[in-house]
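# Structural features, examined
Here are the chains, one letter per residue:
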Amino acid sequence: MAAENEQRKSSAVSDMGAWAMNVISSVGIIMANKQLMSSSGFSFSFATTLTGFHFALTALVGFVSNATGLSASRHVPTWELIWFSIVANVSIAAMNFSLMLNSVGFYQISKLSMIPVVCVMEWILHSKRYSREVKVSVVVVVVGVGICTVTDVKVNAKGFICACVAIFSSSLQQILIGSLQKKYSIGSFELLSKTAPIQAVSLLVVGPFVDYLLSGKFILSYNMSSGCFVFILLSCALAVFCNISQYLCIGRFSAVSFQVIGHMKTVCILTLGWLLFDSAMTFKNVSGMFVAIVGMVIYSWAMELEKQSNLAAKALNSVKHSLTEEEFQLLKEGVETTQSKDVELGGGYTKA
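Residues numbered from 1 in each chain as written. Predicted model: local features only at pLDDT ≥ 70, side-chain atom pairs only at ≥ 80, totals over all residues. Heavy atoms only, no water.

Looking at an unreviewed UniProt entry, one finds the protein chain named UDP-rhamnose/UDP-galactose transporter 3, with Raphanus sativus as its source organism.

This is the structure we're talking about:
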């Protein structure tokens, strides 16, 4: 019993570590990219190619880890890896086009809609159902983040199509991360080390042309400074931790949980923007963040309830299967006999 409690505590610490790594690295990379890409920073406006650099360094780390024996390599069919990489790269490109063609408000709404889309897709693909408490908490989180991030909402036909493609591909990518890990019993880092090289090569080949369509500039015409190079390295280093923690979190939990905790990053980014970059912090922002945090607390409580309910059901099922059919029938008859005797004794007592 003590060993089981110790194991649960260790698992809880590992879970918190995975969440913390993802939140810290994600917020850090956004802050680094803001300095890298903003006009007040280095004006490095090649987001898709930069993502290719991110995956190139991640692939290098994975290669070194496998070569030194720090991680084991399991077999995953090549066609599955290519399919996953296509979905992931379409997600990256579509998100960038969606941001370019739509207003910031509609872009935020499209990101918020990923939670219900993931829920529906998991229900269709894996027959997964969610409790009423989980559904309520998701709605509260979406409403809270919507209040503090959505401003102007303008939409056009091209932007709407790009947003739909981005939502679908991003949701499918996150579901695939979890399903591939379970299907092939492969760890999060092992899966990432297999997909990262394919994504790196494809993004570094296609990325410059996508960036040209987005910004009208080729990366080869950019005048690289030493400061910009340092920030690119920082962004790539943070991306390694961000990628590892994303695969780790989705493998341990689910795509929906990853989306919910992802909105905690939005709250952190708004707060850090106010503290570090003098961004405006209105009552609308504060109230929205408060509602979002309340939703996340409710979601954590709802998931804990669901986990306990599943454990109880498994325990009951294991007891049932540990008995033979004859023993289970005798036990059932014994319970029914006891109940009928209780009724008779109760009736006799009433007559007396």
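Having seen it, we continue.
## With respect to the packing of helix 8 (residues 188-215) against helix 9 (residues 226-252)
Their axes nearest at 9 Å, the elements helix 8 and helix 9 cross at an angle of 130°. Of the possible angle classes, the one that applies to helix 8 and helix 9 is oblique. In terms of crossing hand, the pair formed by helix 8 and helix 9 is right-handed. Residue-level inspection shows S188, F189, L191, L192, T195 and Q199 of helix 8 in contact with helix 9, the latter providing N243, I244, Y247 and L248. Of the residues belonging to the contact of helix 8 with helix 9, the class tally is 6 nonpolar, 4 polar and no charged. (Axes fitted to C-alpha atoms, helices over the stretch in contact; angles between N-to-C directions. Helix = DSSP H or I, 4+ residues; strand = E, 2+ residues; numbered from the N terminus. Parallel < 35°, antiparallel > 145°, perpendicular 65-115°, else oblique. Left-handed = near helix turned anticlockwise from the far one by under 90°. Contact = heavy atoms within 4.5 Å. Nonpolar A, V, L, I, M, F, W, Y, C, P; charged D, E, K, R; others polar.)

## Quick word on the UniProt feature "transmembrane region" (unreviewed entry) in the protein chain
Under the UniProt annotation, the feature "transmembrane region" (unreviewed entry) is placed at residues 44-69, 81-99, 136-153, 222-244, 256-277 and 283-302. A helix fraction of 83% and a strand fraction of 0% characterise residues 222-244, whose end C-alpha atoms lie 30 Å from each other. (UniProt positions renumbered as here; feature names shortened; annotations may be inferred.)

## Observations concerning the side chain of N89
Of note, N89 is situated in helix 3 (residues 78-101). Excluding anything up to four places from it in sequence, N89 contacts Q199, S202 and L203.

## Quick word on the nonpolar core
Formed by 41 residues in total, the largest nonpolar core has its most connected members in F84, V138, V256 and V260. Residues within four places of V256 in sequence aside, it is in contact with I115, V118, C119, E122, Y130, V138 and Y299. Among the nonpolar cores identified, the runner-up in size contains 9 residues, and L36, F44, F46 and L50 belong to it. (Core = buried A, V, L, I, M, F, W, Y, C linked by side-chain atoms within 4.5 Å. Buried < 20%, exposed > 50% of the residue type's maximum accessible area, 1.4 Å probe, protein only.)

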